[in-house]
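In case you want the letters, here they are:
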2 protein chains.
Amino acid sequence: MTEKHYRYLQQYFHDLILKKKMPYETKLPSERELAEQFKVSRVTARQALQHLEAEGLIYRSNRRGWFVTPPAVIYDPANNVSFNLYVTEQGYTPHTEKLMQQIESANHKIALLMNIPLGAPVLFLHRRRYINQRPVLIEKLYVNVDLLPGIEHEDLTQSLGQILRTKYQSPYRDMDLSFKATALPDNEAKDLSTSTGQAGLQIERVNFSDDKSVLSVDYEFWRHDAVTIEISIRN
Amino acid sequence: MTEKHYRYLQQYFHDLILKKKMPYETKLPSERELAEQFKVSRVTARQALQHLEAEGLIYRSNRRGWFVTPPAVIYDPANNVSFNLYVTEQGYTPHTEKLMQQIESANHKIALLMNIPLGAPVLFLHRRRYINQRPVLIEKLYVNVDLLPGIEHEDLTQSLGQILRTKYQSPYRDMDLSFKATALPDNEAKDLSTSTGQAGLQIERVNFSDDKSVLSVDYEFWRHDAVTIEISIRN
DNA sequence: CAGTGGTCTAGACCACCAG
DNA sequence: TGGTGGTCTAGACCACTGC
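K.L.:
Quick one: what's the story with the overall build of chain A, residue by residue and with numbers?
P.N.:
For chain A, the helix and strand inventory stands at 7 helices and 10 strands. Projecting the C-alpha coordinates of chain A onto the three principal axes gives extents of approximately 65 × 35 × 35 Å. Relative to its 235 residues, chain A shows a buried fraction of 51%. Partitioning the contacts of chain A with sequence separation of at least 6, the portion at a separation of at least 24 is 59%. Working note: accessible area of chain A is about 11400 Å², and carbon and sulfur atoms make up 50% of it. The distance from the centre of the 29 positive side-chain charges to the centre of the 29 negative ones in chain A is 7 Å.

Next up, the structure:
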């Protein structure tokens, strides 16, 4: 027996979804139903579902069930377009939720990056961002308040780049980017109402001003199936 | 009972590995041994191992066992440094294996990208690249032979960028990059001797010459735990 | 050949979500 | 409260690796 049982179930939904027979956000039958229909144990059905999840074709939401994944949004971190704008331009509906905002003391890493004293005040911003009501991104931002006085009184569900450009005449220019495919940490997985250990894409971004001082440091955790990064390098 | 059994095992090795008590490439005990030692079923032990794998702390090699993951290499696709060079510079040993090389007819997608007729000859190159004897990257390359006559007679285990620079005075300059965290396709998973559905990082790169013609199109599939992408954007 | 991970079963209870 | 996914057990056989 070289046929793997879970492959049937996987292939079945793989084909259905790619042929667009199942619209985005469609709920799949329950694991118990699938197990019965495909005459496999529930464990085997789950294995198939987990493979489909890894392929990015379906996702789970907490204990509510499995759903067909909508298309990934295309994101160019080097291009200073706000989340709200590029999501809208691609035909989706963005939404940003501020989970926390507070002035913190810079820890070692942040102090070093921003070239400020250890313990100096920085603005910490914790946001959750949605595409079509689906939470796709957790963002943790550290902002240099010395360079941007009063920033904490702005509407921080907006794009920071936007605020800097319009209110501070201090747009992002240069940046250092880092990407890593890794499991979402437990907290971020929970905030994205997915399961612990779920695959994700981690982005770190250090934003510099014209005079090369660090305006902000940005940590982003994306659902792996929600985003494709595209960057053009032009010399 | 709020304690999850698999968490004990996961935490145990998580701590051991982060405290560097287990050197890279150390083999873990077998799943059956772990199940017995931690008094859980083998299924539960496997779940813990899969979580550690998602974290990038351990990896599996075919049916040989589970091993501690070595550190990820840092890769800047925008910087024209060859694989051999940047791997070496970071203290590891690179190796490249040519799996296949042949002249093919351009399919629709490649013809469109390269702006050549459908069916025109292109050089297809299929390579596997290793870091410290561990296969980490599968590369599929399409090269514009019209612009680079004789390229098929070069030593194609070398960096293509290197060859272009030294032999053709036609270095890569501009490029379009795309990244996506996704499961490795079955063939690539097999070539990397990991399991199907394993998390990976997919990179697509279109390389342009000085006059904006397309020199090559590059598809890369990395083990997710083997690489961190770093790019600097300077305006 | 022995040992490994890969697949699979037929149950069970728990934690959480929605109505 | 009923249904969902999340966790878990104690087995079993298969496919492949390495000796």
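K.L.:
If you had to explain the sheet that holds strand β9 (residues 214-223) of chain A to someone new, which residues and values would you point to?
P.N.:
Hydrogen bonds between backbone atoms are what pair the strands of a sheet, whose relative direction is either parallel or antiparallel. The sheet built from 8 strands is open, its strands ordered β4(A)-β5(A)-β6(A)-β9(A)-β8(A)-β7(A)-β10(B)-β3(B) with mixed pairing. Single-partner strands in this sheet number two, and they are β4 (94-105) of chain A together with β3 (73-75) of chain B. Pairs of neighbouring strands in the sheet enclose a mean axial angle of 20 degrees, with direction left out of account.

K.L.:
Provide a residue-level description of the interface of chain B and chain A, including the pertinent values.
P.N.:
With 35 residues of chain B in contact, the opposing surface of chain A contributes 35 residues. Carbon and sulfur atoms supply 47% of the area that chain B and chain A bury against each other, a total of about 2900 Å² over both sides. Area buried by chain B at its contact with chain A is led by Phe179, Ala181 and Ile233 of chain B, which between them contribute 18% of it. Our count for the contact surface shared by chain B and chain A stands at 4 salt bridges. Between Arg7 of chain B and Asp186 of chain A there is a salt bridge, and its shortest N-O distance comes to 3.1 Å. Summed over the shared surface of chain B and chain A, the number is 20 residue pairs in polar contact (both at pLDDT 80 or more).

K.L.:
Any chance you could break down the protein's contact with DNA strand C for me, citing the residues and the numbers?
P.N.:
The immediate surroundings of DNA strand C are formed by 28 residues, with His5, Ser41 and Thr44 of chain A together with Arg46 and Arg63 of chain B found nearest. Sugar and phosphate atoms represent 64% of those atoms of DNA strand C found within 4 Å of the protein. A distance of 3.2 Å separates a base nitrogen of DNA strand C from a polar atom in the side chain of Arg63 of chain A. Counting residues per element, the ones that place at least two in the surface near DNA strand C are α1 (5-18) and α3 (42-55) of chain A together with α2 (31-37), α3 (42-55) and β2 (65-68) of chain B. Ranked by residues supplied to the surface near DNA strand C, first place goes to α3 of chain A with 4 residues.

K.L.:
Help me get a handle on the protein's contact with DNA strand D, residues and values and all.
P.N.:
Taken together, 29 residues are adjacent to DNA strand D, and Arg46 and Arg63 of chain A together with His5, Thr44 and Arg64 of chain B come closest. Here DNA strand D approaches the protein such that, of its atoms within 4 Å, sugar and phosphate make up 62%. The contact in question runs from a base nitrogen of DNA strand D to an N or O atom on the side chain of Arg32 of chain A, over 2.9 Å. Gln47 of chain B is positioned with one of its side-chain polar atoms (N or O) 3.1 Å from a phosphate oxygen of DNA strand D. Listed by contribution, the elements that provide at least two residues to the surface near DNA strand D are α2 (31-37), α3 and β2 (65-68) of chain A together with α1 (5-18) and α3 of chain B. For the surface near DNA strand D, the element with the highest residue contribution is α3 of chain B, accounting for 4 residues.

K.L.:
Mind laying out helix α6 (residues 160-167) of chain B, listing which residues take part and the relevant values?
P.N.:
All names here are of chain B. The complete set of buried residues in α6 reads Leu160, Gly161, Ile163 and Leu164. Take α6 and look down its axis: the buried residues cluster within an arc of 165 degrees, on one side only. Its side-chain oxygen 3.2 Å from the backbone nitrogen of Gly161, Ser159 forms the N-cap of α6.

K.L.:
Go over the relation of the copies chain B and chain A with me, naming the residues and quoting the values.
P.N.:
Taken as rigid bodies, chain B and chain A are interconverted by a rotation of 180 degrees and an axial shift of 0.0 Å, the fit giving an RMSD of 0.0 Å. Within this description, the copies of the chain are treated as partners about a two-fold rotation axis. In terms of proximity to the rotation axis, the leading residue of chain B is Ala181 of chain B, whose C-alpha is 2.9 Å off the axis. Comparing interface residues between copies, 100% of those in chain B also lie at the interface in chain A; the contact surface is shared.

K.L.:
Go over the sheet that holds strand β10 (residues 227-233) of chain A with me, naming the residues and quoting the values.
P.N.:
Pairing within the open sheet is mixed, and its 8 strands lie in the order β3(A)-β10(A)-β7(B)-β8(B)-β9(B)-β6(B)-β5(B)-β4(B). The outermost strands of the open sheet, each flanked by one partner alone, are β3 (73-75) of chain A together with β4 (94-105) of chain B. Each strand axis lies, on average, 20 degrees off the axis of its neighbour in the sheet, ignoring direction. The pairing of strand β6 (residues 134-143) of chain B with strand β9 (residues 214-223) of chain B spans 7 bridges and is classified as antiparallel. Note on β9 of chain B: the bridge partner recorded for Ile138 of chain B is Phe221 of chain B.

Parameters at a glance
- Residues numbered from 1 in each chain as written.
- Chains lettered and ligands numbered in written order.
- Predicted model: local features only at pLDDT ≥ 70, side-chain atom pairs only at ≥ 80, totals over all residues.
- Heavy atoms only, no water.
- Helix = DSSP H or I, 4+ residues; strand = E, 2+ residues; numbered from the N terminus.
- Buried < 20%, exposed > 50% of the residue type's maximum accessible area, 1.4 Å probe, protein only.
- Contact = heavy atoms within 4.5 Å.
- Areas by Shrake-Rupley, 256 points an atom, 1.4 Å probe, with all protein chains shown as cover.
- Lys, Arg positive; Asp, Glu negative; His and termini not counted.
- Charge placed at Lys NZ, Arg CZ, Asp CG, Glu CD.
- Pairing = 2+ DSSP bridges.
- Axes fitted to C-alpha atoms, helices over the stretch in contact; angles between N-to-C directions.
- Buried area = accessible area lost by both parts, 1.4 Å probe.
- Salt bridge = Lys/Arg side-chain N within 4 Å of Asp/Glu carboxyl O.
- Polar contact = N/O pair within 3.5 Å; in protein donor to acceptor, adjacent residues only side chain to side chain.
- Near = heavy atom within 4 Å.
- Arc of directions from axis to C-beta.
- Least-squares fit on C-alpha atoms with pLDDT ≥ 70 in both.

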